[in-house]
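Coordinate inspection notes
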Amino acid sequence: EDQVTQSPEALRLQEGESSSLNCSYTVSGLRGLFWYRQDPGKGPEFLFTLYSAGEEKEKERLKATLTKKESFLHITAPKPEDSATYLCAVSYSGYSTLTFGKGTMLLVSP
Amino acid sequence: DGGITQSPKYLFRKEGQNVTLSCEQNLNHDAMYWYRQDPGQGLRLIYYSQIVNDFQKGDIAEGYSVSREKKESFPLTVTSAQKNPTAFYLCASSAQGDSGNTIYFGEGSWLTVV
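Residues numbered from 1 in each chain as written. Chains lettered and ligands numbered in written order. Predicted model: local features only at pLDDT ≥ 70, side-chain atom pairs only at ≥ 80, totals over all residues. Heavy atoms only, no water.

**Observations regarding the packing of aromatic side chains**
Inclusion rule: Only rings of Phe, Tyr and Trp enter the pairing, Trp through its six-membered ring, and a pair is recorded when the two centres are within 6.5 Å. The plane angle decides the type: under 30 degrees is stacked, over 60 is edge-to-face, the rest tilted. Working definition: helices are DSSP H or I runs of at least four residues, strands are E runs of at least two. Numbering for both runs from the N terminus. Exposure categories follow from relative accessible area, calculated using a 1.4 Å probe and restricted to protein chains: below 20% of the type maximum is buried, above 50% is exposed, and the middle band is partly exposed. Sitting over a ring, as applied to charges here, requires NZ of Lys or CZ of Arg to be within 6 Å of the ring centre and within 35 degrees of the ring normal.
Tallied over the full model, the rule gives 12 aromatic pairs over all chains. Seen in terms of ring centroids, Y36 of chain A and F46 of chain A are 5.9 Å apart; in terms of plane orientation they differ by 70 degrees. Their pairing is edge-to-face. Here Y36 of chain A is found in strand β4 (residues 30–38), whereas its partner F46 of chain A is found in strand β5 (residues 45–50), with 10 residues between them in sequence. Residue Y36 of chain A is classed as buried on the basis of its relative accessible area, which comes to 0%. One aromatic cluster in this structure is built from Y36, F46 and F100 of chain A together with Y33, Y35, Y48, Y104 and F105 of chain B. Against the face of F74 of chain B rests R68 of chain B, its NZ or CZ located 6.0 Å from the ring centre.

**Section: the sheet that holds strand β7 (residues 64–66) of chain B**
Residue and element names in this part refer to chain B. Where we set the bar: Only when DSSP finds a minimum of two bridges between them are two strands counted as paired. Helix axes use the C-alpha atoms of the stretch in contact, all axes being lines fitted to C-alpha atoms, and the angles between their N-to-C directions lie in the range 0 to 180 degrees.
Spatial ordering of the open sheet is given by β1-β3-β8-β7, a layout of four strands whose pairing is antiparallel. Looking at strand neighbours, the two that pair on one side only are β1 (4–7) and β7, the edges of this open sheet. When strand polarity is set aside, the average angle formed by the axes of neighbouring strands in this sheet is 20 degrees.

**Comments concerning the sheet that holds strand β3 (residues 19–25) of chain A**
All names here are of chain A. Judged by pairing direction, the sheet is antiparallel, and its five strands sit side by side in the order β1-β3-β8-β7-β6 without closing on themselves. Edge positions in the sheet fall to β1 (4–7) and β6 (56–59), since each of these pairs with one other strand and no more. Each strand axis lies, on average, 15 degrees off the axis of its neighbour in the sheet, ignoring direction. By the bridge criterion, four bridges tie β1 to β3 in an arrangement that is antiparallel. Looking across to β3, one finds that T5 is bridged to S24.

**A closer look at the state of the cysteines**
One covalent bond between the sulfur atoms of two cysteine residues makes up a disulfide. Residues and elements named next belong to chain B. For clarity, the threshold we go by: In this description, a disulfide is simply a cysteine sulfur pair whose atoms lie within 2.5 Å.
Counted according to the given criterion, the structure contains two disulfides over all chains. Across the disulfide, C23 is cross-linked to C91 (sulfur-sulfur distance 1.9 Å). Measuring handedness by torsion sign, the sulfur bridge of C23 and C91 sits at about -75 degrees and is left-handed. With C23 in strand β3 (residues 19–25) and C91 in strand β9 (residues 87–94), the pair connects residues that are 68 residues apart, well separated along the chain. A relative accessible area of 0% places C23 in the buried class.

**Structural notes on the interface of chain B and chain A**
Rules: We call two residues in contact when some of their heavy atoms are within 4.5 Å. A simple way to read buried area is as the amount of 1.4 Å-probe accessible surface that goes missing from two parts once joined, with both sides added. Basic side-chain nitrogens of Lys or Arg form a salt bridge, by our definition, when they fall within 4 Å of a carboxyl oxygen of Asp or Glu. As used in this structure description, the phrase polar contact means that two N or O atoms lie within 3.5 Å; if the pair is within protein, one of them must be able to donate a hydrogen and the other to accept it, and residues adjacent in sequence are counted only when both atoms belong to side chains. Amino acid classes used here: Ala, Val, Leu, Ile, Met, Phe, Trp, Tyr, Cys and Pro are nonpolar; Asp, Glu, Lys and Arg are charged; the rest, including Gly, are polar.
Between chain B and chain A, the contact holds 26 residues from the first and 21 residues from the second. For the pair chain B and chain A, the two sides together bury roughly 1,700 Å², of which 52% comes from carbon and sulfur. At the junction of chain B with chain A, the criterion picks out zero salt bridges. At the boundary of chain B and chain A, one finds four residue pairs in polar contact (both at pLDDT 80 or more). Listing elements by their share of the side of chain B that touches chain A, those giving two or more residues are β4 (31–37), β5 (44–51), β9 and β10 (104–105) of chain B. For the side of chain B that touches chain A, the class distribution of residues is 11 nonpolar, 11 polar and four charged.

**Quick notes on the pairing of strand β11 (residues 104–109) of chain A**
All names here are of chain A. Here five bridges tie strand β2 (residues 10–14) to β11, and the two strands are oriented parallel to one another. The residue of β11 that forms the bridge with L13 is V108. The sheet contact formed by strand β9 (residues 84–92) and β11 spans three bridges and is antiparallel. Note that in β11 the partner of A84 across the bridge is L106.

What follows is the structure, given as structure tokens:
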């Protein structure tokens, strides 16, 4: 069973059409939830870290939120340059590194 | 500029060969990591090191080896024992080996078996 599940696997939006990406996790003792953006053929770029339920963080058109079992990455009025794969990862007690989900591939059409 | 440098960007390996991927960071980070990324799969941890001269196996260490002789360097060797090495390899680092710290990534290296 995957400890971190991202949905949908792929999402196609029209420019300006807002939506949300989901990251659910089953680990206990969450220490942090991380969002990254990855462009094709490049390394992931750090976006946000969330540490506790109820926390929210924003950056330009992106807003990340966290509950006890999942996180959402809200994209408001996306632009084509927001097209990328968005990765979610968690850190939890007893494990020294991050556990990643498989990502959501976002395509924003003009 | 501070960052993580991986080289080469593209590498081809013949059957039975060992190849080494380089990773250097100038962020003064204590911890360094190697991940493998395959299409349709999440990032999988190969090895990580929290301090110099010490490293631990990750989830898929078989067929790989590492060394950590200097704080800024963490090379990965893909040995001939790794039967399916074609993948995108990512090196990363964090300030400390505490899982609450943010991990930052290099630009990746593509390895193809020919």
